[in-house]
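# Structure assessment
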Amino acid sequence: MRAFLDLITINYIQTAMAIVITVVMAILAYTDYRDRRIPNRVLGIAGFMWLLIMVIALLTCGNEARGLMVKCAGGALIAGGAFLLCYIIVRGKLGAGDVKMAALMGLYLGSDLVAGALIAGIIISAVYSVIMILAKRLTVKDGLPMAPFLFLGTIIALLYTIV
């Protein structure tokens, strides 16, 4: 078992995190689009998976894992804090599930990627909204599910790390 753990590097940990958040965001995008809700069960499972990945990282990567955890906590604070502030300001136009989803994104993407993912997702949602309003398919008062746009933002942020 120890020989297997010795093969794990921080790059494998980050790859595992990217795969998990991509799958989770795809599920959340689908359920938010279909039902206009973010299931707490999916968020809870994803949070547990993050803890499991971090335990493996701490056992195998030591100081690199601690640095990664700090970046993850920073990302969760940035994204969760920004969405919590919006949730308080807009009163009812943004759901609590969106706040938890943004914090989860930050947990997985870390402080170095989450801002780009949020900005990309928000810009895509704004462009989509303008197009739909001009096409008279939406009004200014209509709400949009945010998860599909934040999923696209997550994909863009992860692709940015590859390039």
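These numbers were taken from a predicted model, which means no experiment stands behind them.

### Quick notes on the nonpolar core
If you look at the biggest cluster of nonpolar residues, it comprises 44 residues, and the most contacted ones within it are Ile13, Met17, Leu28 and Tyr108. Counting only elements with at least two residues in this core, the list comes to helix H2 (10–35), helix H3 (40–61), helix H4 (63–90), helix H5 (96–109), helix H6 (114–134) and helix H7 (147–162). Broken down by element, this core gets its largest block of residues, nine residues, from H2.

### What to know about the packing of aromatic side chains
Counted by the stated rule, this structure contains one aromatic pair. Residues tyrosine 128 and phenylalanine 149 carry aromatic rings whose centres are separated by 5.4 Å and whose planes lie at 50 degrees to one another, so their mutual orientation is tilted. Here tyrosine 128, found in helix H6, pairs with phenylalanine 149, found in helix H7; they are 21 residues apart in sequence, far enough to count as distant. Looking at phenylalanine 149, the relative accessible area reads 8%, which means it is buried.

### Focus: H4
In a regular helix each residue adds 1.5 Å, so 28 residues correspond to 40 Å; H4 covers 41 Å between its end C-alpha atoms and thus fits that length. Every buried residue of H4 is listed here: Ala65, Leu68, Cys72, Gly75, Ala76, Ala79, Gly80 and Phe83. Residues of H4 that are buried make contact with H2, H3, H5, H6 and H7. With its phi angle positive at about 40 degrees, arginine 91 sits one or two positions after the end of H4.

### Here's the deal with the layout of surface pockets
The volume enclosed by the largest pocket comes to roughly 720 Å³. Contributing to the lining of the largest pocket are 28 residues, with Lys93, Leu94, Gly143, Leu144 and Met146 lying nearest its centre. Listed by contribution, the elements that provide at least two residues to the lining of the largest pocket are H4, H5 and H6. Here the lining of the largest pocket takes five residues from H6, the largest share from any one element. For the lining of the largest pocket, the residue count by class is 14 nonpolar, seven polar and seven charged. When its volume is computed, the second largest pocket comes out at roughly 270 Å³. Around the second largest pocket sit 16 residues that line it, and Gln14, Tyr108, Leu109, Leu113 and Leu158 are the ones nearest its centre. A per-element tally of the lining of the second largest pocket places H2 first, with six residues. Looking at the lining of the second largest pocket residue by residue, the classes come out as nine nonpolar, five polar and two charged.

The rules behind these values
- Residues numbered from 1 in each chain as written.
- Predicted model: local features only at pLDDT ≥ 70, side-chain atom pairs only at ≥ 80, totals over all residues.
- Heavy atoms only, no water.
- Core = buried A, V, L, I, M, F, W, Y, C linked by side-chain atoms within 4.5 Å.
- Buried < 20%, exposed > 50% of the residue type's maximum accessible area, 1.4 Å probe, protein only.
- Helix = DSSP H or I, 4+ residues; strand = E, 2+ residues; numbered from the N terminus.
- Phe/Tyr/Trp six-rings, centres within 6.5 Å; stacked < 30°, edge-to-face > 60°.
- Expected span 1.5 Å × (residues − 1).
- Contact = heavy atoms within 4.5 Å.
- 1 Å grid on protein atoms, 1.4 Å probe; cavity = no way out; pocket = protein on both sides within 12 Å on 5 of 7 lines; lining within 4 Å.
- Points joined across faces, edges and corners; volume = space filled by probe spheres on them.
- Nonpolar A, V, L, I, M, F, W, Y, C, P; charged D, E, K, R; others polar.

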